[in-house]
Amino acid sequence: MSGASAFKIAQSVLVVIYTPALDVLLIRRADATEYWQSVTGSKDREEESFHDTAVREVFEETGIACGAGTPLAGCLQDWGLENVYGIYPQWLHRYAPGVTHNTERVFGLEVPVGTPVRLNPREHTNYQWLPWQAAADACFSSSNAEAVLMLPRFLG
């Protein structure tokens, strides 16, 4: 046994991926196909930084590499925002007993138009690029929608 917990850590990232034209990438969840969202994911270990979590989750969910040594390394920006929200009831079983809220750190990642997307089929079934306001309307999560609506203020 590795000693790792079977439960998710209630600290996660939300990464709004967008083009210079402010088209936003949304991905459809495999476990809730009516839910469109930006890249999200929990820390693998308590000591994993939010930045490292964002780099890992973007690559795992979309195939887009933005870590050190990649052309997009400088494009991942920590927006300095955190959302604390109640975990959806259908996903509470993934967390330790008594854990009801998650802290989510928000990032933005600007990518060139035409950046290829390779989904992890266990997690997501489809993707779409939408203008930022339409993307906000399509997000199932209010914190995701709010982050997308803040996109213009984080440019430049």
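Provided above is the structure to which this section pertains.
Residues numbered from 1 in each chain as written. Predicted model: local features only at pLDDT ≥ 70, side-chain atom pairs only at ≥ 80, totals over all residues. Heavy atoms only, no water.

Undergrad: Just checking my understanding: could you explain the layout of surface pockets for this structure?
TA: In this model, the largest pocket occupies a volume close to 710 Å³. Taken together, the elements giving at least two residues each to the lining of the largest pocket come down to strand S1 (11-18), strand S4 (39-42), helix H1 (50-62), strand S5 (76-86), strand S6 (101-110) and helix H3 (142-150). Sort the elements by how many residues they give to the lining of the largest pocket and H1 lands first, with four residues. Tallied by class, residues from the lining of the largest pocket come to eight nonpolar, twelve polar and 13 charged. (1 Å grid on protein atoms, 1.4 Å probe; cavity = no way out; pocket = protein on both sides within 12 Å on 5 of 7 lines; lining within 4 Å. Points joined across faces, edges and corners; volume = space filled by probe spheres on them. Helix = DSSP H or I, 4+ residues; strand = E, 2+ residues; numbered from the N terminus. Nonpolar A, V, L, I, M, F, W, Y, C, P; charged D, E, K, R; others polar.)

Undergrad: Mind showing me how you'd approach the environment of Ala65 here?
TA: With respect to the helices and strands, Ala65 occurs in the loop between H1 and S5. When its relative accessible area of 34% is taken as the criterion, Ala65 is described as partly exposed. Considered as a pair, Ala65 and Leu92 are 27 residues apart in the sequence and their alpha carbons are 30 Å apart. Excluding residues that lie within four positions of it along the chain, Ala65 makes contacts with Phe59, Thr70 and Leu72. (Buried < 20%, exposed > 50% of the residue type's maximum accessible area, 1.4 Å probe, protein only. Contact = heavy atoms within 4.5 Å.)

Undergrad: I tried to follow H1 on my own but got confused; where do I start?
TA: Note that an α-helix has 3.6 residues per turn; residues three or four places apart therefore point the same way. Spanning 13 residues, H1 covers 18 Å between terminal C-alpha atoms, matching the ideal 18 Å at 1.5 Å per step. Buried residues in H1 make contact with S1, strand S2 (23-29), S4, S5, S6 and strand S7 (124-131). Directly beyond the C-terminal end of H1, a positive phi value near 75 degrees is found at Gly63. (Expected span 1.5 Å × (residues − 1).)

Undergrad: How should the side chain of Arg105 be read in this particular structure?
TA: Within the secondary structure layout, Arg105 lies in strand S6. Here Arg105 falls in the buried class, since its relative accessible area comes to 19%. In this structure Arg105 touches Ser12, Val13, Leu14, Phe50, Asp78, Gly80, Leu81 and Glu82, once residues within four positions along its chain are discounted.

Undergrad: Explain H3 here, please?
TA: Buried within H3 are the following residues: Ser143, Asn144, Ala145, Ala147 and Val148. Summarising the contacts, the buried residues of H3 are in contact with S1, S2, strand S3 (36-37), S5, S6 and helix H2 (132-138).

Undergrad: Would you mind going over the pattern of salt bridges with me for this structure?
TA: Side-chain pairs of opposite charge can arise where the charged atoms are in close proximity. Counted under the stated rule, the structure contains nine salt bridges. Between Arg29 and Asp31 there is a salt bridge, with its nearest N and O atoms 2.8 Å apart. Take Arg29: its relative accessible area is 13%, and that puts it in the buried class. By relative accessible area, which is 40% here, Asp31 ends up partly exposed. (Salt bridge = Lys/Arg side-chain N within 4 Å of Asp/Glu carboxyl O.)

Undergrad: Honestly, unusual backbone geometry in this entry has me stumped. Any pointers?
TA: Most of the time, phi is negative for any residue but glycine, and the peptide bond is trans. Although it is not a glycine, Leu22 adopts a positive phi angle of roughly 70 degrees. With respect to the helices and strands, Leu22 occurs in the loop between S1 and S2. Classification of Leu22 as buried rests on a relative accessible area of 13%.

Undergrad: When you look at the nonpolar core in this model, what are you seeing that I'm missing?
TA: Among the nonpolar cores identified, the biggest contains 19 residues, and Val15, Ile17, Val58, Ile64, Leu76 and Leu109 are the most heavily contacted of them. Counting residues per element, the ones that place at least two in this core are S1, S2, H1 and S6. It is H1 that provides the largest number of residues to this core, a total of four residues. Setting aside anything within four residues of it in sequence, one finds Val58 in contact with Val15, Ile17, Val39, Gly63, Ile64, Cys66 and Leu109. Residues Val16, Tyr18, Leu26 and Ala136 belong to the second largest nonpolar core, which totals 17 residues. (Core = buried A, V, L, I, M, F, W, Y, C linked by side-chain atoms within 4.5 Å.)

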